[in-house]
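The chain contents come next:
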Amino acid sequence: MVRLNENYLKLPGSYLFAEIADRVTAFKKENPDVDVISLGIGDVTKPLVPSVVEAIRKAADEMGCEDTFRGYGPYQGYDFLAEKIIRHDFISRGIELSMDEVFISDGAKSDTANFQEIFGQDNVVAVTDPVYPVYVDSNAMAGRLGDYDSSTGKWTNLVYLPCTAENGFVPALPEKKVDIIYLCYPNNPTGTVLTKEQLKVWVDYARDNKAVILFDAAYEAYITEKDIPHSIYEVEGAKDVAVEFRSFSKTAAFTGTRCAYTVVPKSVVAYTRNGEAVPLNRLWNRRQTTKFNGTPYIVQRGAEAVYSEEGQKQIREMISYYMENAKIIRTGLESLGLSVYGGINAPYIWLKTPAGYDSWQFFDKLLKEAFVVGTPGVGFGPSGQGYFRLTAFGSRENTEKAVERIKNLKF
Ligand code: PLP
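Residue positions are counted from 1 within each chain, in the order its sequence is given. In keeping with the model being predicted, local features are shown solely for residues with a pLDDT of at least 70 and side-chain atom pairs are shown and tallied solely at 80 or more, while totals for entire chains, interfaces and linings include all residues. The side-chain figures draw on all heavy atoms in the structure; neither hydrogens nor water molecules are used.

Visitor: Got a sec to walk through the site of the ligand? Specific residues and values, please.
Guide: Around the ligand sit 14 residues in total, of which Asp216, Tyr219, Ser247, Ser249 and Arg258 are the nearest. Whenever a nitrogen or oxygen atom comes within 3.5 Å of another N or O atom, the pair is scored as a polar contact, on the condition that within protein one atom can donate a hydrogen and the other can accept it, and that pairs from neighbouring residues in sequence are kept only if both atoms are in side chains. Residue lysine 250 places a side-chain N or O atom 2.9 Å away from an oxygen atom belonging to the ligand. Most atoms of the ligand, that is more than half of them, are within 2 Å of grid points of the largest pocket. In this description a helix means any DSSP run of H or I spanning at least four residues, a strand means any run of E spanning at least two, and both kinds are numbered starting from the N terminus. Those elements giving two or more residues to the shell around the ligand turn out to be α5 (108-114) and α8 (249-252). Near is defined per residue: the residue qualifies when any heavy atom it owns lies within 4 Å of the molecule or strand. Here a cavity means grid points, on a 1 Å grid over the protein atoms only, where a 1.4 Å probe fits yet cannot get out; a pocket means an open set of points with protein on both sides within 12 Å along at least five of seven lines; lining residues are those with an atom within 4 Å of a point. More than half of a molecule's atoms within 2 Å of the grid points is what it takes for that molecule to sit in a cavity or pocket.

Visitor: Kindly report on the packing of helix α2 (residues 15-30) against helix α12 (residues 359-370), identifying the contributing residues and their values.
Guide: Orientation of α2 relative to α12, taken along the N-to-C sense of each, is 30 degrees, at an axis distance of 11 Å. Accordingly, the angle class assigned to the pair α2 and α12 is roughly parallel. In terms of crossing hand, the pair formed by α2 and α12 is right-handed. On the side of α2, the interface is formed by Tyr15, Leu16, Glu19, Ile20, Arg23, Val24 and Phe27, while α12 contributes Trp360, Phe363, Asp364, Leu367 and Lys368. Taken together, the residues of the contact of α2 with α12 break down into 8 nonpolar, no polar and 4 charged. Interaxial angles span 0 to 180 degrees and are taken between N-to-C directions of axes, which are lines fitted to C-alpha atoms, for helices over the stretch in contact. Angle categories: roughly parallel below 35 degrees, roughly antiparallel above 145, roughly perpendicular from 65 to 115, and oblique for all the rest. Crossing chirality is assigned from the near helix's rotation relative to the far helix, an anticlockwise turn below a right angle marking it left-handed and a clockwise turn marking it right-handed. Contact between two residues is taken to exist if any of their heavy atoms lie within 4.5 Å; hydrogens are not considered. Just so you know the grouping, Ala, Val, Leu, Ile, Met, Phe, Trp, Tyr, Cys and Pro go in nonpolar, Asp, Glu, Lys and Arg go in charged, and all remaining residues, Gly too, go in polar.

Visitor: Break down the pairing of strand β7 (residues 180-184) for me, citing the residues and quoting the values.
Guide: The element β7 is largely enclosed, with a buried count of 5 among its 5 residues. Along β7, one buried face is formed by Ile180, Tyr182 and Cys184 and the opposite face, lined by Ile181 and Leu183, is buried too. Between any two strands, at least two bridges found by DSSP are needed for them to pair. Here strand β3 (residues 125-129) runs beside β7; their pairing, made up of 3 bridges, is parallel. Bridged to valine 127 within β7 is tyrosine 182. Buried residues are those whose accessible area, probed at 1.4 Å on protein chains only, stays under 20% of the maximum for their type, while exposed residues exceed 50% and partly exposed ones sit between those limits.

Visitor: Report on the layout of surface pockets, specifying residues and quantitative values.
Guide: Volume-wise, the largest pocket comes out at about 1400 Å³. Taken together, 48 residues line the largest pocket, and the ones lying closest to its centre are Phe17, Tyr132, Pro133, Val134 and Phe380. Of all the elements in the fold, those that place two or more residues in the lining of the largest pocket are α2, α5, α6 (133-141) and α8. Among the elements that take part in the lining of the largest pocket, α6 stands out by supplying 7 residues, more than any other. A class-by-class count of the residues in the lining of the largest pocket yields 26 nonpolar, 15 polar and 7 charged. By convention here, the domain bounds are inherited from an automatic or database domain assignment. Composition of the lining of the largest pocket by domain shows at least three residues from each of domain 1 (6-47 + 310-406) and domain 2 (54-307). Grid points are joined across faces, edges and corners, and a volume is the space filled by probe spheres set on the points.

Visitor: Explain the packing of aromatic side chains to me, and be specific about the residues and the numbers.
Guide: The rule is short: rings of Phe, Tyr and Trp, with Trp giving its six-membered ring, pair when the centres are within 6.5 Å, and they are stacked under 30 degrees, edge-to-face over 60, tilted in between. Applying the stated criterion across every chain yields a total of 31 aromatic pairs. A centroid spacing of 6.0 Å and a plane angle of 75 degrees characterise the contact between tyrosine 321 and tyrosine 322, whose relative ring orientation is edge-to-face. In this structure tyrosine 322 comes out as buried when scored by relative accessible area, which is 0%. Seen in terms of ring centroids, tryptophan 350 and tyrosine 387 are 5.5 Å apart; in terms of plane orientation they differ by 10 degrees. Their pairing is stacked. Remark: tyrosine 387 occurs in strand β17 (residues 387-391) and tryptophan 350 occurs in strand β14 (residues 348-352); sequence separation between them is 37 residues. Like tyrosine 387, tryptophan 350 is buried. An aromatic cluster is present here, built from Phe90, Tyr233, Phe248, Phe254, Tyr261 and Tyr307 joined pairwise through their rings.

Visitor: A description of the nonpolar core should follow, citing residues and the corresponding values.
Guide: The definition of a nonpolar core used throughout is a set of buried Ala, Val, Leu, Ile, Met, Phe, Trp, Tyr and Cys residues joined through side-chain atoms within 4.5 Å. In terms of nonpolar packing, the biggest core is built from 100 residues, with Ile213 and Phe248 touching the most fellow members. It is helix α11 (residues 309-334) that contributes the most residues to this core, 9 residues altogether. Both domain 1 (6-47 + 310-406) and domain 2 (54-307) contribute no fewer than three residues apiece to this core. Core analysis: the next-biggest nonpolar cluster, separate from the first, contains 27 residues, Val125, Val136, Tyr182 and Cys184 among them.

Visitor: Explain empty space enclosed by the protein to me, using residue names and the numbers behind them.
Guide: Under the definition given, this model contains 1 cavity of 30 Å³ or more. There is about 30 Å³ of room inside the largest cavity. Partitioned by chemical class, the residues of the lining of the largest cavity number 8 nonpolar, no polar and no charged.

Visitor: Requested: an account of the sheet that holds β17, with residues and values cited.
Guide: Read across the sheet, 4 strands follow the order β13-β14-β17-β16 without closing on themselves; strand pairing throughout is antiparallel. Each edge of the sheet is formed by a strand with only one pairing partner; in this case those strands are β13 (340-342) and β16 (375-376). Of the pairings in the sheet, the one linking β13 to β14 comprises 3 bridges and is antiparallel in character. Pairing of tyrosine 341 across the sheet is with tryptophan 350, part of β14.

Structure follows, in C-alpha coordinates:
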(Lines give C-alpha, C1' and ligand atoms only; values in the text may rest on other atoms or scores of the structure.)
Protein backbone atom coordinates (compact mmCIF):
# COMPACT_ATOMS: atom_id res chain seq x y z
CA MET A 1 0.00 0.00 0.00
CA VAL A 2 1.45 3.30 -1.06
CA ARG A 3 1.79 5.68 1.85
CA LEU A 4 1.85 9.44 1.87
CA ASN A 5 4.39 11.79 3.33
CA GLU A 6 1.85 12.82 5.95
CA ASN A 7 3.74 16.00 6.70
CA TYR A 8 2.03 17.37 3.61
CA LEU A 9 -1.32 16.84 5.29
CA LYS A 10 -0.27 19.06 8.18
CA LEU A 11 0.24 22.07 5.91
CA PRO A 12 -2.48 24.69 6.24
CA GLY A 13 -4.11 25.45 2.87
CA SER A 14 -2.62 28.22 0.78
CA TYR A 15 -5.05 30.36 2.67
CA LEU A 16 -3.60 33.80 2.06
CA PHE A 17 -3.58 34.18 -1.70
CA ALA A 18 -6.64 31.98 -2.22
CA GLU A 19 -8.57 34.10 0.26
CA ILE A 20 -7.39 37.33 -1.38
CA ALA A 21 -8.41 36.05 -4.81
CA ASP A 22 -11.84 34.96 -3.49
CA ARG A 23 -12.54 38.32 -1.90
CA VAL A 24 -11.41 40.27 -4.97
CA THR A 25 -13.46 38.05 -7.31
CA ALA A 26 -16.57 38.46 -5.16
CA PHE A 27 -16.11 42.23 -5.03
CA LYS A 28 -15.61 42.50 -8.80
CA LYS A 29 -18.69 40.40 -9.41
CA GLU A 30 -20.80 42.78 -7.35
CA ASN A 31 -19.07 45.85 -8.81
CA PRO A 32 -18.26 45.00 -12.44
CA ASP A 33 -17.53 48.59 -13.47
CA VAL A 34 -15.00 49.34 -10.75
CA ASP A 35 -11.34 49.53 -11.72
CA VAL A 36 -9.53 47.53 -9.02
CA ILE A 37 -5.78 48.22 -8.69
CA SER A 38 -3.50 45.55 -7.28
CA LEU A 39 -0.55 46.62 -5.18
CA GLY A 40 -0.47 43.16 -3.70
CA ILE A 41 1.59 41.42 -6.32
CA GLY A 42 5.13 40.27 -5.64
CA ASP A 43 5.85 40.04 -9.36
CA VAL A 44 7.54 42.64 -11.50
CA THR A 45 5.69 44.37 -14.34
CA LYS A 46 8.51 45.94 -16.37
CA PRO A 47 9.92 43.74 -19.17
CA LEU A 48 13.42 42.30 -19.57
CA VAL A 49 15.86 45.09 -20.43
CA PRO A 50 17.12 45.35 -24.06
CA SER A 51 20.66 44.07 -23.27
CA VAL A 52 19.21 40.89 -21.81
CA VAL A 53 16.78 40.38 -24.69
CA GLU A 54 19.59 40.81 -27.21
CA ALA A 55 21.81 38.28 -25.39
CA ILE A 56 18.95 35.78 -25.21
CA ARG A 57 18.25 36.18 -28.95
CA LYS A 58 21.90 35.65 -29.77
CA ALA A 59 22.06 32.58 -27.55
CA ALA A 60 18.89 31.20 -29.15
CA ASP A 61 20.55 31.57 -32.58
CA GLU A 62 23.60 29.68 -31.28
CA MET A 63 21.36 26.88 -30.05
CA GLY A 64 19.80 26.61 -33.51
CA CYS A 65 23.13 26.15 -35.25
CA GLU A 66 24.99 22.84 -35.42
CA ASP A 67 28.39 24.37 -34.72
CA THR A 68 27.34 26.29 -31.63
CA PHE A 69 24.53 24.13 -30.22
CA ARG A 70 24.94 23.13 -26.56
CA GLY A 71 23.35 20.22 -24.73
CA TYR A 72 23.51 19.67 -20.98
CA GLY A 73 25.60 22.37 -19.37
CA PRO A 74 27.73 22.21 -16.23
CA TYR A 75 25.58 21.40 -13.18
CA GLN A 76 26.82 24.45 -11.32
CA GLY A 77 26.35 26.78 -14.27
CA TYR A 78 28.64 28.18 -16.93
CA ASP A 79 31.93 29.78 -15.96
CA PHE A 80 31.14 32.87 -18.07
CA LEU A 81 28.29 33.71 -15.68
CA ALA A 82 29.90 32.55 -12.42
CA GLU A 83 32.95 34.66 -13.19
CA LYS A 84 30.83 37.81 -13.66
CA ILE A 85 28.78 37.11 -10.55
CA ILE A 86 31.91 36.80 -8.42
CA ARG A 87 33.59 39.86 -9.89
CA HIS A 88 30.58 42.14 -9.88
CA ASP A 89 28.60 41.06 -6.83
CA PHE A 90 31.40 40.03 -4.46
CA ILE A 91 34.97 41.08 -5.34
CA SER A 92 33.66 44.64 -5.77
CA ARG A 93 32.70 44.43 -2.05
CA GLY A 94 35.95 42.88 -0.94
CA ILE A 95 34.62 39.30 -0.83
CA GLU A 96 36.71 36.54 -2.40
CA LEU A 97 34.89 33.46 -3.70
CA SER A 98 36.02 30.61 -5.90
CA MET A 99 34.00 29.49 -8.91
CA ASP A 100 32.96 26.23 -7.25
CA GLU A 101 31.38 28.13 -4.37
CA VAL A 102 28.69 29.56 -6.67
CA PHE A 103 25.78 27.36 -7.79
CA ILE A 104 23.72 28.87 -10.61
CA SER A 105 20.11 27.71 -10.57
CA ASP A 106 16.62 28.37 -11.84
CA GLY A 107 15.38 30.28 -8.81
CA ALA A 108 15.86 31.34 -5.23
CA LYS A 109 12.49 29.80 -4.39
CA SER A 110 13.66 26.30 -5.28
CA ASP A 111 17.08 26.83 -3.71
CA THR A 112 15.74 28.21 -0.41
CA ALA A 113 13.14 25.42 -0.34
CA ASN A 114 15.56 22.64 -1.26
CA PHE A 115 18.55 23.57 0.83
CA GLN A 116 17.08 22.13 4.03
CA GLU A 117 17.31 18.65 2.48
CA ILE A 118 20.98 18.34 3.34
CA PHE A 119 20.35 18.91 7.05
CA GLY A 120 19.34 16.30 9.60
CA GLN A 121 15.76 15.88 10.71
CA ASP A 122 16.33 16.91 14.33
CA ASN A 123 17.67 20.42 13.77
CA VAL A 124 15.83 23.31 15.39
CA VAL A 125 14.80 25.86 12.76
CA ALA A 126 14.26 29.58 13.38
CA VAL A 127 12.57 32.09 11.10
CA THR A 128 11.90 35.77 11.42
CA ASP A 129 8.18 36.47 11.82
CA PRO A 130 6.57 37.67 9.48
CA VAL A 131 8.36 35.58 6.86
CA TYR A 132 8.52 34.50 3.21
CA PRO A 133 6.47 31.29 3.61
CA VAL A 134 8.75 29.03 1.52
CA TYR A 135 11.28 28.54 4.35
CA VAL A 136 8.55 27.39 6.72
CA ASP A 137 6.59 25.17 4.35
CA SER A 138 9.66 23.37 2.98
CA ASN A 139 10.78 22.46 6.50
CA ALA A 140 7.22 21.43 7.40
CA MET A 141 7.14 19.10 4.38
CA ALA A 142 10.38 17.56 5.60
CA GLY A 143 8.79 16.90 8.99
CA ARG A 144 11.01 19.22 10.99
CA LEU A 145 8.37 21.55 12.43
CA GLY A 146 6.00 19.38 14.47
CA ASP A 147 2.33 20.28 14.08
CA TYR A 148 0.55 23.38 12.88
CA ASP A 149 -1.66 24.98 15.51
CA SER A 150 -4.34 26.95 13.71
CA SER A 151 -5.36 28.79 16.89
CA THR A 152 -1.91 30.46 17.13
CA GLY A 153 -0.90 30.22 13.47
CA LYS A 154 2.34 28.58 14.63
CA TRP A 155 4.19 25.30 14.10
CA THR A 156 4.92 23.61 17.42
CA ASN A 157 8.66 22.99 16.78
CA LEU A 158 9.52 26.15 14.87
CA VAL A 159 11.22 29.05 16.62
CA TYR A 160 9.64 32.37 15.67
CA LEU A 161 11.71 35.54 15.87
CA PRO A 162 9.17 38.38 15.99
CA CYS A 163 9.98 41.47 13.93
CA THR A 164 7.58 44.28 14.73
CA ALA A 165 7.60 48.05 15.15
CA GLU A 166 8.29 47.45 18.88
CA ASN A 167 11.74 45.99 18.19
CA GLY A 168 12.37 48.12 15.12
CA PHE A 169 12.03 44.95 13.00
CA VAL A 170 15.35 43.69 14.37
CA PRO A 171 15.01 40.06 15.48
CA ALA A 172 16.29 39.27 18.96
CA LEU A 173 18.44 36.19 19.49
CA PRO A 174 16.34 33.15 20.37
CA GLU A 175 15.94 32.02 23.97
CA LYS A 176 16.11 28.40 22.88
CA LYS A 177 19.22 27.19 21.01
CA VAL A 178 18.60 26.91 17.27
CA ASP A 179 20.59 25.26 14.48
CA ILE A 180 19.24 26.63 11.19
CA ILE A 181 18.41 30.32 10.93
CA TYR A 182 16.66 31.85 7.94
CA LEU A 183 17.32 35.55 7.46
CA CYS A 184 16.04 37.57 4.52
CA TYR A 185 17.40 41.10 3.98
CA PRO A 186 16.17 43.35 2.49
CA ASN A 187 13.13 41.68 3.97
CA ASN A 188 10.03 40.38 2.30
CA PRO A 189 7.43 41.29 3.54
CA THR A 190 8.52 44.15 5.86
CA GLY A 191 10.92 45.90 3.46
CA THR A 192 13.30 46.49 6.37
CA VAL A 193 17.06 45.88 6.47
CA LEU A 194 19.76 45.09 9.04
CA THR A 195 22.99 47.01 9.46
CA LYS A 196 26.31 45.21 9.41
CA GLU A 197 26.45 45.38 13.23
CA GLN A 198 22.96 43.90 13.55
CA LEU A 199 23.83 41.09 11.15
CA LYS A 200 27.06 40.45 13.01
CA VAL A 201 25.06 39.52 16.11
CA TRP A 202 23.63 36.61 14.10
CA VAL A 203 26.92 35.62 12.55
CA ASP A 204 28.48 35.53 16.03
CA TYR A 205 25.54 33.52 17.34
CA ALA A 206 25.91 30.99 14.51
CA ARG A 207 29.65 30.70 15.13
CA ASP A 208 29.21 30.25 18.89
CA ASN A 209 26.42 27.68 18.50
CA LYS A 210 27.68 25.73 15.45
CA ALA A 211 24.54 26.87 13.65
CA VAL A 212 24.09 27.87 10.02
CA ILE A 213 22.47 31.00 8.55
CA LEU A 214 20.53 30.70 5.31
CA PHE A 215 20.62 34.27 4.06
CA ASP A 216 18.17 35.28 1.34
CA ALA A 217 19.34 38.41 -0.47
CA ALA A 218 16.81 38.28 -3.33
CA TYR A 219 16.17 42.04 -2.96
CA GLU A 220 19.79 43.14 -2.60
CA ALA A 221 19.61 45.29 -5.75
CA TYR A 222 17.00 47.53 -4.10
CA ILE A 223 19.30 48.76 -1.35
CA THR A 224 19.76 52.51 -1.67
CA GLU A 225 21.35 53.42 1.66
CA LYS A 226 25.11 53.41 1.68
CA ASP A 227 25.95 51.51 4.84
CA ILE A 228 23.57 48.59 4.43
CA PRO A 229 25.36 45.32 3.61
CA HIS A 230 24.45 43.77 0.24
CA SER A 231 25.90 40.40 1.17
CA ILE A 232 26.16 38.64 4.52
CA TYR A 233 29.81 37.98 3.65
CA GLU A 234 30.50 41.66 4.26
CA VAL A 235 30.23 40.65 7.93
CA GLU A 236 33.41 39.26 9.41
CA GLY A 237 33.26 35.52 10.01
CA ALA A 238 30.13 34.95 7.90
CA LYS A 239 31.95 32.82 5.37
CA ASP A 240 32.22 30.06 7.98
CA VAL A 241 28.52 29.96 8.86
CA ALA A 242 26.36 31.40 6.08
CA VAL A 243 24.91 30.33 2.76
CA GLU A 244 23.59 33.16 0.57
CA PHE A 245 20.77 33.07 -1.97
CA ARG A 246 20.51 35.59 -4.78
CA SER A 247 18.08 35.93 -7.67
CA PHE A 248 17.82 37.72 -11.00
CA SER A 249 14.02 37.76 -10.60
CA LYS A 250 13.52 41.14 -8.99
CA THR A 251 16.95 42.48 -9.96
CA ALA A 252 16.45 42.05 -13.69
CA ALA A 253 12.84 41.00 -14.38
CA PHE A 254 13.70 37.28 -14.55
CA THR A 255 10.58 36.11 -12.69
CA GLY A 256 9.38 34.37 -15.85
CA THR A 257 12.84 33.68 -17.29
CA ARG A 258 14.26 31.97 -14.16
CA CYS A 259 17.82 32.42 -13.00
CA ALA A 260 19.34 32.67 -9.53
CA TYR A 261 22.40 31.51 -7.67
CA THR A 262 23.39 30.22 -4.28
CA VAL A 263 26.75 30.80 -2.63
CA VAL A 264 28.02 27.94 -0.48
CA PRO A 265 31.50 28.78 0.82
CA LYS A 266 33.65 25.69 1.35
CA SER A 267 34.23 26.74 4.95
CA VAL A 268 30.55 26.35 5.95
CA VAL A 269 30.00 23.01 7.66
CA ALA A 270 27.41 20.87 9.40
CA TYR A 271 28.22 18.07 11.78
CA THR A 272 27.70 14.31 11.86
CA ARG A 273 26.43 12.60 15.02
CA ASN A 274 30.06 11.96 15.89
CA GLY A 275 30.86 15.63 15.66
CA GLU A 276 32.74 15.42 12.37
CA ALA A 277 32.48 18.64 10.36
CA VAL A 278 31.38 18.15 6.75
CA PRO A 279 31.45 21.03 4.21
CA LEU A 280 27.96 21.91 2.95
CA ASN A 281 29.47 22.79 -0.42
CA ARG A 282 30.21 19.12 -1.08
CA LEU A 283 26.73 17.99 -0.10
CA TRP A 284 24.89 20.73 -2.00
CA ASN A 285 26.95 19.86 -5.04
CA ARG A 286 26.00 16.21 -4.59
CA ARG A 287 22.35 17.14 -4.20
CA GLN A 288 22.31 19.39 -7.24
CA THR A 289 24.17 16.96 -9.51
CA THR A 290 21.58 14.32 -8.65
CA LYS A 291 18.41 16.40 -8.79
CA PHE A 292 19.14 19.36 -11.08
CA ASN A 293 20.35 19.41 -14.67
CA GLY A 294 21.36 23.03 -14.95
CA THR A 295 19.90 26.38 -15.89
CA PRO A 296 19.29 26.82 -19.64
CA TYR A 297 22.28 28.16 -21.60
CA ILE A 298 20.06 30.80 -23.19
CA VAL A 299 18.95 32.04 -19.77
CA GLN A 300 22.48 32.14 -18.39
CA ARG A 301 23.57 34.25 -21.38
CA GLY A 302 20.68 36.58 -20.57
CA ALA A 303 21.81 36.79 -16.94
CA GLU A 304 25.38 37.46 -18.06
CA ALA A 305 24.14 40.49 -19.97
CA VAL A 306 22.83 41.97 -16.71
CA TYR A 307 26.48 42.57 -15.78
CA SER A 308 27.43 44.42 -18.98
CA GLU A 309 27.82 48.17 -18.70
CA GLU A 310 24.67 48.76 -20.71
CA GLY A 311 22.79 46.01 -18.82
CA GLN A 312 23.69 47.57 -15.48
CA LYS A 313 22.48 50.96 -16.62
CA GLN A 314 19.22 49.52 -17.85
CA ILE A 315 18.43 47.48 -14.74
CA ARG A 316 19.35 50.44 -12.53
CA GLU A 317 16.75 52.55 -14.36
CA MET A 318 14.16 49.84 -13.89
CA ILE A 319 14.89 49.52 -10.18
CA SER A 320 14.78 53.32 -9.78
CA TYR A 321 11.36 53.32 -11.41
CA TYR A 322 10.05 50.85 -8.82
CA MET A 323 11.75 52.71 -5.99
CA GLU A 324 10.10 55.93 -7.08
CA ASN A 325 6.80 54.06 -6.82
CA ALA A 326 7.86 52.95 -3.34
CA LYS A 327 8.50 56.57 -2.39
CA ILE A 328 5.10 57.65 -3.71
CA ILE A 329 3.38 54.97 -1.64
CA ARG A 330 5.45 55.66 1.46
CA THR A 331 5.05 59.43 1.47
CA GLY A 332 1.37 59.17 0.54
CA LEU A 333 0.64 56.91 3.48
CA GLU A 334 2.79 58.94 5.86
CA SER A 335 0.83 62.04 4.94
CA LEU A 336 -2.22 60.23 6.37
CA GLY A 337 -0.42 59.85 9.67
CA LEU A 338 0.06 56.10 9.20
CA SER A 339 3.18 54.32 10.50
CA VAL A 340 5.02 53.12 7.43
CA TYR A 341 8.13 50.92 7.17
CA GLY A 342 10.31 49.66 4.34
CA GLY A 343 10.21 51.11 0.83
CA ILE A 344 13.69 52.64 1.13
CA ASN A 345 15.93 49.61 0.57
CA ALA A 346 13.22 47.29 -0.71
CA PRO A 347 10.24 47.34 -3.07
CA TYR A 348 7.88 46.50 -0.18
CA ILE A 349 6.01 48.94 2.02
CA TRP A 350 4.82 47.59 5.34
CA LEU A 351 2.30 49.67 7.21
CA LYS A 352 0.70 49.47 10.62
CA THR A 353 -3.03 49.26 10.12
CA PRO A 354 -4.97 52.13 11.71
CA ALA A 355 -6.47 51.62 15.19
CA GLY A 356 -9.51 49.37 15.08
CA TYR A 357 -8.46 47.45 11.97
CA ASP A 358 -6.72 44.09 11.92
CA SER A 359 -4.92 42.97 8.74
CA TRP A 360 -8.01 41.53 7.07
CA GLN A 361 -10.34 44.35 8.12
CA PHE A 362 -7.91 46.79 6.53
CA PHE A 363 -7.78 44.62 3.41
CA ASP A 364 -11.58 44.80 3.10
CA LYS A 365 -11.63 48.55 3.72
CA LEU A 366 -9.04 49.15 0.99
CA LEU A 367 -10.75 46.83 -1.46
CA LYS A 368 -14.29 48.08 -0.91
CA GLU A 369 -13.65 51.79 -0.50
CA ALA A 370 -10.45 52.51 -2.42
CA PHE A 371 -10.62 49.56 -4.83
CA VAL A 372 -7.01 48.75 -4.00
CA VAL A 373 -5.69 45.26 -3.28
CA GLY A 374 -2.79 44.69 -0.90
CA THR A 375 -1.65 41.77 1.24
CA PRO A 376 -2.75 41.29 4.86
CA GLY A 377 0.37 41.07 7.04
CA VAL A 378 -1.00 38.23 9.15
CA GLY A 379 -0.70 36.00 6.09
CA PHE A 380 3.09 36.09 6.54
CA GLY A 381 3.03 34.92 10.14
CA PRO A 382 1.47 35.73 13.52
CA SER A 383 3.62 38.83 14.07
CA GLY A 384 2.26 40.25 10.82
CA GLN A 385 -1.16 40.74 12.44
CA GLY A 386 -2.07 44.42 12.39
CA TYR A 387 0.21 45.10 9.42
CA PHE A 388 -0.34 45.30 5.68
CA ARG A 389 1.97 45.00 2.67
CA LEU A 390 1.89 47.07 -0.49
CA THR A 391 4.36 46.58 -3.33
CA ALA A 392 6.11 49.01 -5.64
CA PHE A 393 5.97 46.69 -8.65
CA GLY A 394 2.89 48.29 -10.25
CA SER A 395 2.88 50.89 -13.01
CA ARG A 396 3.45 54.54 -12.05
CA GLU A 397 -0.07 55.44 -13.14
CA ASN A 398 -1.69 52.74 -11.02
CA THR A 399 0.55 53.47 -8.05
CA GLU A 400 -0.35 57.16 -8.11
CA LYS A 401 -4.02 56.44 -8.60
CA ALA A 402 -4.05 53.90 -5.76
CA VAL A 403 -2.33 56.28 -3.34
CA GLU A 404 -4.75 59.10 -4.18
CA ARG A 405 -7.68 56.80 -3.51
CA ILE A 406 -6.22 55.65 -0.17
CA LYS A 407 -5.68 59.30 0.80
CA ASN A 408 -9.40 59.92 0.41
CA LEU A 409 -10.33 57.22 2.93
CA LYS A 410 -11.54 58.04 6.43
CA PHE A 411 -10.17 55.83 9.18
N1 PLP B 1 13.11 34.92 -1.82
C2 PLP B 1 12.25 35.89 -1.50
C3 PLP B 1 12.38 36.57 -0.20
C4 PLP B 1 11.22 36.24 -2.38
O5 PLP B 1 10.35 37.20 -2.03
C6 PLP B 1 11.10 35.57 -3.60
C7 PLP B 1 10.03 35.88 -4.55
O8 PLP B 1 9.07 36.53 -4.32
C9 PLP B 1 12.02 34.57 -3.88
C10 PLP B 1 13.02 34.27 -2.99
C11 PLP B 1 11.90 33.77 -5.15
O12 PLP B 1 12.79 34.14 -6.10
P13 PLP B 1 12.90 33.37 -7.48
O14 PLP B 1 11.99 34.04 -8.45
O15 PLP B 1 14.35 33.48 -7.84
O16 PLP B 1 12.50 31.93 -7.27
